[in-house]
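Okay, here's what each chain looks like letter by letter:
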Amino acid sequence: MATRAPTRVVVSKTALYTALTVFGIVAAIPFVWMILSSFKTGAEIREFPPTFWPREWTLENYTTILDDPDLPLWLFYRNSAFVAVLNVVATLFTSSLLGYVLAKYEFRGRLFLFWFVLATMMIPSQVTMIPGYLILVQLGLLDNLWGLVLPSMIDAFGVFVMRQFALSIPDDEIWSARVDGASEWRIYRSIVLPQLKPALATLGMLTFMFHWNAYLWPLIVLTSQENRTLPIIQYWYSTQHGSQVNLVMAASVLMVIPVLLVFAASQKWIVRGLTLTGGK
């Protein structure tokens, strides 16, 4: 009986890892197909049955997109990066600060404020679009990239995540810093933020992906072509070149590259954050 238990654990873990590997491969196939198709010629990508690996690798699709005078990608990259990066910085700052306050400060109405923040997560975004649009009209931020940044500076989900992580910070460390004369800002900067790094990396990655891939709200707010972000331009380009699937695939790869780079840079902290979350 003593030897059966470890064997059973090994078998169950092997089966679990095998299943996860199979599911991971299945989930990755469309992404790999998109990348490989971006290196195919227009004639090959229209063949039936389709080929998986390109018979003739070509960079013509990318050169066509990068040399298109009607598609200044650097401009749309700049717009998307401006919106995504500023939203990440603002969300991480406000979420970590509010999460720390709601976790470690004692004041009247703290729990009510926390539940109120959680309640805002239950409101569909479509419900707030018209009020948000009218507010931007009053502020004069229509067709302005700041109109995609200012309304998103405080994120309810981010506050919730940071509050849950901040609860694990020992109170003794905070009180010891106060006894030593550290200011509240110094405690937040030197004690709280270093212990929130895994949560900050995970939230930053999710925030970056959300705002980089956002389509509907930027489509409503931004009206001029030079102010629009990559998802809008990608849809426009797809409709203009619907029969040239190879070009559409190459444009999709160019759009997703920044997300992959951000994920690769923050992967270690994301894994650590998920591990800490599972261990609580």
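Residues numbered from 1 in each chain as written. Predicted model: local features only at pLDDT ≥ 70, side-chain atom pairs only at ≥ 80, totals over all residues. Heavy atoms only, no water.

Undergrad: Is there a simple way to think about the nonpolar core in this case?
TA: Where a protein is soluble and globular, its nonpolar side chains tend to be buried together. One finds Ile65, Leu71 and Trp212 to be the most contacted residues of the largest nonpolar core, which totals 23 residues. Residue assignment for this core shows that the elements contributing at least two residues are α3 (60-66), α4 (73-104), α10 (197-213), α12 (230-240) and α13 (245-279). No other element matches the seven residues that α13 contributes to this core. Setting aside residues up to four positions removed in sequence, Ile65 forms contacts with Leu71, Leu73, Tyr237, Leu247, Ala250, Ala251 and Leu254. By size, the runner-up hydrophobic cluster in this structure holds 17 residues, among which are Ala177, Ile187, Leu196 and Ala199. (Core = buried A, V, L, I, M, F, W, Y, C linked by side-chain atoms within 4.5 Å. Buried < 20%, exposed > 50% of the residue type's maximum accessible area, 1.4 Å probe, protein only. Helix = DSSP H or I, 4+ residues; strand = E, 2+ residues; numbered from the N terminus. Contact = heavy atoms within 4.5 Å.)

Undergrad: Just to check I follow, could you spell out the packing of helix α5 (residues 110-120) against helix α7 (residues 156-166) for this structure?
TA: Each pair of packed helices can be described by the angle between their axes along with the distance between the axes. Where α5 meets α7, the axes come as close as 8 Å, and the angle between the chain directions of the two elements is 135 degrees. Taken as axis vectors, α5 and α7 run oblique relative to one another. Pair α5 / α7 crosses with left-handed handedness. Residue-level contacts link Leu111, Phe114, Val117, Leu118 and Thr120 of α5 to Ala156, Val159, Phe160, Arg163 and Gln164 of α7. Here the residues of the contact of α5 with α7 sort into seven nonpolar, two polar and one charged. (Axes fitted to C-alpha atoms, helices over the stretch in contact; angles between N-to-C directions. Parallel < 35°, antiparallel > 145°, perpendicular 65-115°, else oblique. Left-handed = near helix turned anticlockwise from the far one by under 90°. Nonpolar A, V, L, I, M, F, W, Y, C, P; charged D, E, K, R; others polar.)

Undergrad: Explanation requested: the environment of Tyr105 in the structure shown.
TA: Positionally, Tyr105 belongs in the loop between α4 and α5. Among residues more than four places away in sequence, those in contact with Tyr105 are Tyr100, Arg110, Arg178 and Glu184. At a separation of 2.3 Å, a polar atom in the side chain of Tyr105 contacts the side chain of Glu184. (Polar contact = N/O pair within 3.5 Å; in protein donor to acceptor, adjacent residues only side chain to side chain.)

Undergrad: Would you mind going over the packing of α4 against α7 with me for this structure?
TA: Relative to each other, α4 and α7 sit at 50 degrees, their axes nearing to 7 Å. By the angle class used here, α4 and α7 are oblique. In the crossing of α4 with α7, the sense of the turn from one axis to the other is right-handed. From α4, Ser95, Ser96, Leu98, Gly99, Tyr100, Leu102, Ala103 and Lys104 reach across to α7, where they touch Gly158, Val159, Met162, Arg163 and Ala166.

Undergrad: Looking at this structure, how should I read the confidence of the model for the protein?
TA: Any region with low pLDDT has predicted coordinates that should not be read closely. In the predicted model, the protein carries a mean pLDDT of 85, and 93% of its residues have values of at least 70. At the level of individual helices and strands, the protein shows its lowest average pLDDT in α13, which scores 74, and its highest in α4, which scores 92. (pLDDT = per-residue confidence, 0-100.)

Undergrad: Teacher, can you tell me more about the pattern of salt bridges here?
TA: Charged atoms that come close allow side chains of opposite charge to pair. Within this structure, the stated rule accounts for three salt bridges. Across the pair Arg110 and Glu106 runs a salt bridge, and its minimum N-O distance is 3.7 Å. We classify Glu106 as exposed; its relative accessible area is 69%. (Salt bridge = Lys/Arg side-chain N within 4 Å of Asp/Glu carboxyl O.)

Undergrad: Explain the packing of aromatic side chains to me, please; I cannot follow it from the model alone.
TA: Each aromatic ring pair is summarised here by two numbers: the centre-to-centre distance and the angle between the ring planes. Within this structure, the stated rule accounts for 14 aromatic pairs. Aromatic pair Phe52 and Trp53: ring centres 5.7 Å apart, planes at 85 degrees, arrangement edge-to-face. Classification of Phe52 as partly exposed rests on a relative accessible area of 32%. The class of Trp53 is exposed, set by a relative accessible area of 57%. (Phe/Tyr/Trp six-rings, centres within 6.5 Å; stacked < 30°, edge-to-face > 60°.)

Undergrad: Explanation requested: the layout of surface pockets in the structure shown.
TA: In this approach the atoms are scanned with a rolling probe the size of a water molecule, which exposes any empty space left behind. In this structure, the largest pocket occupies an estimated 1,200 Å³ of space. Lining the largest pocket are 30 residues, and of these Ser125, Thr128, Pro151, Ser152 and Asp155 lie nearest its centre. For the lining of the largest pocket, the element with the most residues is helix α6 (residues 125-139), which contributes seven residues. Of the residues contributing to the lining of the largest pocket, the split by class is 21 nonpolar, eight polar and one charged. (1 Å grid on protein atoms, 1.4 Å probe; cavity = no way out; pocket = protein on both sides within 12 Å on 5 of 7 lines; lining within 4 Å. Points joined across faces, edges and corners; volume = space filled by probe spheres on them.)

Undergrad: Would you explain empty space enclosed by the protein in this entry?
TA: Scanning all chains against the criterion turns up one cavity of 30 Å³ or more. By volume, the largest cavity is sized at about 80 Å³. Lining the largest cavity are Ile65, Leu71, Leu73, Tyr77, Leu230, Ile233, Gln234, Tyr237, Ala251, Leu254 and Met255. Elements with a contribution of two residues or more to the lining of the largest cavity: α4, α12 and α13. Broken down by element, the residue count for the lining of the largest cavity peaks at four residues, all from α12. Partitioning the lining of the largest cavity into residue classes produces ten nonpolar, one polar and no charged.

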